[in-house]
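Coordinates in review
Chain residues, written in single-letter form:
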Amino acid sequence: MKYCNNNSIKDKTYIMQALLNQSSNNLIKKTTVAGCQRGLASMSEAIKERIRLPSMLEKVTYNADDITQHVFNDMHMGWSGFTGVGYPKVVPEMMAQMVEKKNLKDKFGISLVIGASAGASTHNRLAKLNMLKFQAPFQNAKDVKTCINTGKTNFADTHLSKFPMDLLYGYYALDKKVDPEWPLDVGVLEASAITEDGMIIPTASVGSSNIIAKVAKKLIIEINTAEPSFEGMHDIETENPPNCGPLMIKKVGDRIGTKGIKCDLNKVVAIVESTTPDKTPKNSKPDAKSQAIADHIIDFFNVEVKAGRMPNSLYPLQSGIGNVANAVVSGLVNSPYEHVTVFTEVLQDSFLDFFDQGKLDHASATSIRLSPDGFKRFYSNKDSYAPKITLRSQHISNSPELIRRLGVIAMNTPVEFDIYGQVNSTCVMGTRMINGIGGSGDFLRNSKYSIVHGPACRKSKNDKFGITTVVPMVTHCDHPEHDIDVLVTDVGLADIRGLAPRQRVNKIIDNCAHPVYRPILHEYYDLAYDACLKRKAAHEPQLLDKAFKMTLNLQKNGTMRIDNWN
């Protein structure tokens, strides 16, 4: 397997670009140069080095018109990208400028699918122009959320393992009018390189890029020369279900595919150069609550190892994004566990510490989402990190079959969970979409250990104690009680494995709820139990006329603390 040699002048140049070119001012610098069309004379040396198949050089363009001629109202478009890395930067900006130039705001819209999410600034650019009629399957951009929650954008939230296959089946194009045989009109993929044999090498994420390449009628490729090539880090497998064979992955580091995306290169209508690196947020240090949650989880691991239910190397770890996830991994860096493996969606900065300590043997993911400092560190030591990382397609990284067979430990953050263990991951107060279910359902349902963690209370302007995460009944259910093993807050941990609903209640309230909310929740359960017992319906007691009183009180009075349940 070949990896970039970071000692070369070429790679040092790429690293300098990636570190210094963090603004979007140069996003389409080359595309606006007067007279730049197609041809070798106008190309940078960097893109010539990255495109190693001569016939593809003929498709390089710096002219926006060569791109926007393939764009039309009501089209179905797919982008590469996952958790804000590996997404196109140039083509979306060209589209936005076209809409502005032709005064098409509110008149031009597309159906857009992305493996998970694009960079917020790029995604928001289209949202502000009301260009997103439809979006799937995930997003993490403020203005996109606003469009979804104000009814301007239809959002299809679904499991990230399921989305690529549904796209392949044509489920997102059932009402498509133009070229209905093609689920997507145009796919836009960011790439590190095109090899001599025509394989497209992704950048920091794979996501659904290989499926998009398969189902799009046309392809536009953005070669990102601002970042070192990621060639050699990917394992691309495109299943063709149903009736396909099993995924022959027995260990986290096993490879079953190719180093790049194979596709019909006749589909490629244009190639553009991108000189903008991924824009990721800075890494924030874990706060006291996150650290407390991490400590509870590590204590739980210690108990499981001591009991012989978990090996000293643990089982493969899956961790979501955020402070708690970083805190847990950081805590494991200082733990006695060695030869740990990771089977997850996204790698964050704390995993680099794990590698540096020599305790993490291999990590499998679909995306490397590091902070700017994290990417600097990664690029500077890429020859050390790269052989220990495998980037896969998201339907492989999130495969229910593999998650269950490898015995993954899944850890994800909720909006709220209730006294029986039902979990809401997506909708505040049942209706306001945040990001989407993402891969949390893939992992929580199929893992050996499904762990849900979050603060006991979230900050509130009107209540010094905050908004409780533990409620009588979730306002929206993404993960039913049947999928959850352990619930954790900064207050404590509730191990609810093997328990009936009524047996879980005291454990969850006493170990996870903030002390100020415990009496309120206990009183609710007692009332519900008595009432349901009289009706001979006490398997999982609830009072439908009272279950959401705390949430309604928050809407009306700004607090979830109520005086009584009458």
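Conventions we followed
- Residues numbered from 1 in each chain as written.
- Predicted model: local features only at pLDDT ≥ 70, side-chain atom pairs only at ≥ 80, totals over all residues.
- Heavy atoms only, no water.
- Helix = DSSP H or I, 4+ residues; strand = E, 2+ residues; numbered from the N terminus.
- Rg over C-alpha atoms; globule rule 2.2 N^0.38 Å.
- Buried < 20%, exposed > 50% of the residue type's maximum accessible area, 1.4 Å probe, protein only.
- Contact = heavy atoms within 4.5 Å.
- Areas by Shrake-Rupley, 256 points an atom, 1.4 Å probe, with all protein chains shown as cover.
- Lys, Arg positive; Asp, Glu negative; His and termini not counted.
- Charge placed at Lys NZ, Arg CZ, Asp CG, Glu CD.
- Phe/Tyr/Trp six-rings, centres within 6.5 Å; stacked < 30°, edge-to-face > 60°.
- Lys NZ or Arg CZ within 6 Å of the ring centre and 35° of its normal.
- Polar contact = N/O pair within 3.5 Å; in protein donor to acceptor, adjacent residues only side chain to side chain.
- Axes fitted to C-alpha atoms, helices over the stretch in contact; angles between N-to-C directions.
- Left-handed = near helix turned anticlockwise from the far one by under 90°.
- Nonpolar A, V, L, I, M, F, W, Y, C, P; charged D, E, K, R; others polar.
- pLDDT = per-residue confidence, 0-100.

Take the overall build of the chain next. Looking only at helices and strands, one finds 20 helices and 27 strands in the chain. Here the C-alpha radius of gyration of the chain, 24 Å, is about what a compact globule of 566 residues would show, namely 24 Å. Considering only C-alpha atoms, the chain reaches an extent of 80 × 55 × 50 Å along its principal axes. Across the 566 residues that make up the chain, the buried fraction comes to 59%. Long-range contacts, defined as pairs at least 24 residues apart, comprise 72% of the intrachain contacts of the chain with a sequence gap of at least 6. Accessible surface, the chain: about 22600 Å² in total, of which carbon and sulfur atoms supply 50%. For the chain, the distance from the average site of its 67 positive side-chain charges to the average site of its 60 negative ones is 2 Å.

Okay, helix 12 (residues 349-356) next. Quick reminder: α-helices carry 3.6 residues per turn. Residues three or four places apart thus point the same way. Most of helix 12 is tucked away: six of the eight residues are buried. Restricting attention to buried positions, one finds in helix 12 the residues Asp349, Ser350, Phe351, Leu352, Phe354 and Phe355.

A few words on the packing of aromatic side chains. As enumerated under the stated definition, the model contains 14 aromatic pairs in all. A cation sits over an aromatic face here: Lys89 above Tyr87, 4.1 Å from the ring centre.

This next bit is on the environment of Glu345. Structurally, the position occupied by Glu345 is in the loop between strand 12 (340-343) and strand 13 (346-347). On the basis of relative accessibility, which here comes to 8%, the residue Glu345 falls in the buried class. Taking the C-alpha atoms as reference points, Glu345 and Gly320, separated by 25 residues in sequence, lie 7.7 Å from one another. If we ignore the near neighbours within four places in the chain, the residues touching Glu345 are Phe82, Leu160, Gln318, Ala365, Thr366, Ser367, Asn398, Gly438, Gly439 and Phe443. A polar side-chain atom of Glu345 sits 2.9 Å from a polar atom in the side chain of Asn398.

Another aspect to go through is the packing of helix 12 against helix 13 (residues 372-380). Axis separation between helix 12 and helix 13 bottoms out at 9 Å; the angle between their running directions is 35°. Along this stretch, helix 12 crosses helix 13, giving a crossing that reads as left-handed. Contacts from Asp349, Leu352, Asp353 and Asp356 in helix 12 reach Gly374, Arg377 and Phe378 in helix 13. Grouping the amino acids of the contact of helix 12 with helix 13 by side-chain chemistry returns two nonpolar, one polar and four charged.

Bringing the confidence of the model for the chain into the picture now. Predicted coordinates in regions of low pLDDT should not be interpreted in detail. Averaged over every residue, the pLDDT of the chain is 92; the share at 70 or more is 93%. Every residue in residues 1-36 is under pLDDT 50, and counting partners more than four places away or in other chains gives 73 contacts.

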